[in-house]
Amino acid sequence: MTTYSQILELRSTLNDYREKKKSIALVPTMGYLHDGHLSLIKKAKAENDIVVVSIFVNPTQFGPKEDFARYPRNIERDSELAKLSGCDILFIPSVEEMYPAGFSTYAVVENISTVLEGKFRPTHFKGVTTVVLKLLNIVQPQVAYFGQKDAQQCVVIRKMVTELNLHTEISIVPTLRESDGLAMSSRNVYLSPDERKNAVALNQSLRLAERLIHQGERNSETIINEMMKLIQSKNPTTIDYIEIVGTENLEKRTSIKSGDTILIPLAVRFGTTRLIDNTIITV
Ligand code: AMP
């Protein structure tokens, strides 16, 4: 595994691989790798010759009051884990390398970036789409891998890739969970022992929604209320949202019809830690 911090050097190496007809995959991350990230890297390696993993805590996707400065970082451990999982090239650019002084060009996917997460984090997706577009242009991979854990991010990135005619296929990898069902996340380390126990309510509420729908419940408000009740019983600081939406346009569904595929995304705060999770259900 080779590590690069400079865009030009990375590009030159990737050009050599392209000349040798090697297929190139990209796994963008913010580091502090866990098994969820590693499942993306392993899948990328199983399906491609060369796997590039980027580690970049992207300042433009954090709001002014969010956790950019305290976001967990451990490059040494990440390098070891990435290498063991099949990463060939680790790309760890500095903020100045990605956003030189005077940087002022952004990619924005309108409408679907302003609902759900976008309501609570108004500048988040502008930062995400800009950094992902930059990474896709730098690496020019055949395939880029993203986790279903960040469901709205997947929808927004797919739309950007389609509408800007990018040459990369987007592959979505299922959410990896801890043994009690909590979705793996770099932010889970912020949770106190009590919050960690209570945070299992997120996954439990999603499984409850699945059960209710499979038992025939079709009213979104009823399902959401039951989910709210379950989470409220575990002392969350706030429930930012629980919604039932379409998987493509993220529009709210007040009722569910047979044959529908719906997404149930949620965001809940325990203490100062904001967690997101979701499930996709075909009725
Ligand atoms: P992050 O470092 O949080 O930006 O995540 C990098 C990539 O890993 C994103 O595509 C995430 O959706 C994905 N990811 C994060 N957590 C998980 C998980 N528990 N299971 C699968 N993929 C994940």
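Residues numbered from 1 in each chain as written. Predicted model: local features only at pLDDT ≥ 70, side-chain atom pairs only at ≥ 80, totals over all residues. Heavy atoms only, no water.

Peer 1: When you look at the site of the ligand in this model, what are you seeing that I'm missing?
Peer 2: Met 30, His 37, Asp 150, Leu 176 and Met 184 are the nearest of the 17 residues found near the ligand. In this structure, an oxygen atom belonging to the ligand sits 2.9 Å away from a side-chain N or O atom of His 37. Burial of the ligand by the protein amounts to 92% of the accessible area it has alone, namely 480 Å². When contributions to the shell around the ligand are tallied by element, the ones reaching two or more residues are β2 (24-29), α2 (35-47) and β5 (143-147). With three residues, the single largest contributor to the shell around the ligand is α2. (Near = heavy atom within 4 Å. Polar contact = N/O pair within 3.5 Å; in protein donor to acceptor, adjacent residues only side chain to side chain. Areas by Shrake-Rupley, 256 points an atom, 1.4 Å probe, with all protein chains shown as cover. Helix = DSSP H or I, 4+ residues; strand = E, 2+ residues; numbered from the N terminus.)

Peer 1: What's the story with the environment of Met 160 in this structure? I'm lost.
Peer 2: With respect to the helices and strands, Met 160 occurs in helix α7 (residues 151-163). In this structure the C-alpha to C-alpha distance between Met 160 and Thr 130, which are 30 residues apart in sequence, comes to 10.0 Å. Those residues in contact with Met 160, other than ones at most four positions away along the chain, are Ala 107, Val 109, Thr 129, Val 132, Leu 133 and Leu 166. (Contact = heavy atoms within 4.5 Å.)

Peer 1: Which parts of the structure should I look at to understand the packing of aromatic side chains?
Peer 2: The geometry of an aromatic ring pair comes down to the distance between the two centres and the angle between the two planes. Within the structure shown, the criterion is met by six aromatic pairs. Ring centres of Phe 56 and Tyr 99 lie 6.1 Å apart, and the angle between their planes is 40 degrees; this geometry places the pair in the tilted category. Placement of Phe 56 in the loop between β3 (50-55) and α3 (75-85) and of Tyr 99 in the loop between α4 (95-98) and α5 (117-120) is noted, with a sequence separation of 43 residues between them. Like Tyr 99, Phe 56 is buried. Taken together, the ring pairs in this structure connect Phe 56, Tyr 99, Phe 103 and Tyr 106 into an aromatic cluster. The ring of Tyr 190 carries Arg 70 above its face, with NZ or CZ at 4.0 Å from the centroid. Geometry around Tyr 106 places Lys 126 over its ring, the cationic atom sitting 4.4 Å from the centre. (Phe/Tyr/Trp six-rings, centres within 6.5 Å; stacked < 30°, edge-to-face > 60°. Buried < 20%, exposed > 50% of the residue type's maximum accessible area, 1.4 Å probe, protein only. Lys NZ or Arg CZ within 6 Å of the ring centre and 35° of its normal.)

Peer 1: Honestly, the pairing of strand β10 (residues 273-282) in this entry has me stumped. Any pointers?
Peer 2: For a regular strand, the rule is simple: side chains alternate between the two faces of the sheet. Most of β10 sits inside the fold, with eight of its ten residues counted as buried. Examined bridge by bridge, strand β9 (residues 261-270) and β10 share ten bridges and lie antiparallel to one another. In the strand pairing of β10, Val 268 is matched with Leu 275. The antiparallel pairing of β9 with β10 creates a hairpin that spans two residues between the two strands, and Gly 271 there sits at a positive phi of about 60 degrees. (Pairing = 2+ DSSP bridges.)

Peer 1: What exactly am I supposed to notice about the sheet that holds β3 here?
Peer 2: Two orientations exist for strands paired in a sheet by backbone hydrogen bonds: parallel and antiparallel. If you walk across this open sheet you meet the six strands as β1-β4-β3-β2-β5-β6, and the pairing is parallel. Sheet topology places β1 (2-4) and β6 (169-173) at the edges, where each strand pairs with a single neighbour. Here the strands of the sheet are splayed against their neighbours by 25 degrees on average, with no regard to which way each runs. Pairing geometry for β2 and β3, over six bridges, is parallel. In the strand pairing of β3, Pro 28 is matched with Ser 54. Along the sheet, α7 makes contact with β5 and β6, crossing β6 at roughly 170 degrees. (Axes fitted to C-alpha atoms, helices over the stretch in contact; angles between N-to-C directions.)

Peer 1: What is the right way to look at the environment of Pro 265 in this model?
Peer 2: Structurally, the position occupied by Pro 265 is in strand β9. Take Pro 265: its relative accessible area is 6%, and that puts it in the buried class. The spatial distance from the C-alpha of Pro 265 to the C-alpha of Thr 130 is 23 Å, given a sequence separation of 135 residues. Excluding residues that lie within four positions of it along the chain, Pro 265 makes contacts with Leu 116, Tyr 241, Ile 242, Glu 243, Val 245, Asp 277 and Asn 278.

Peer 1: I keep staring at unusual backbone geometry and nothing clicks. Help me out?
Peer 2: Most peptide bonds adopt trans geometry, and most residues besides glycine take a negative phi value. Despite not being glycine, Gln 140 has its phi angle at roughly 45 degrees, a positive value. With respect to the secondary-structure elements, Gln 140 resides in the loop between α6 (124-139) and β5. Residue Gln 140 is classed as partly exposed on the basis of its relative accessible area of 45%. The backbone of Asn 235 shows a phi angle near 55 degrees, a positive value even though the residue is not glycine. Relative to the helices and strands, Asn 235 is located in the loop between α10 (220-232) and β7 (238-242).

Bear in mind that shape data such as this cannot, by itself, settle questions of function.
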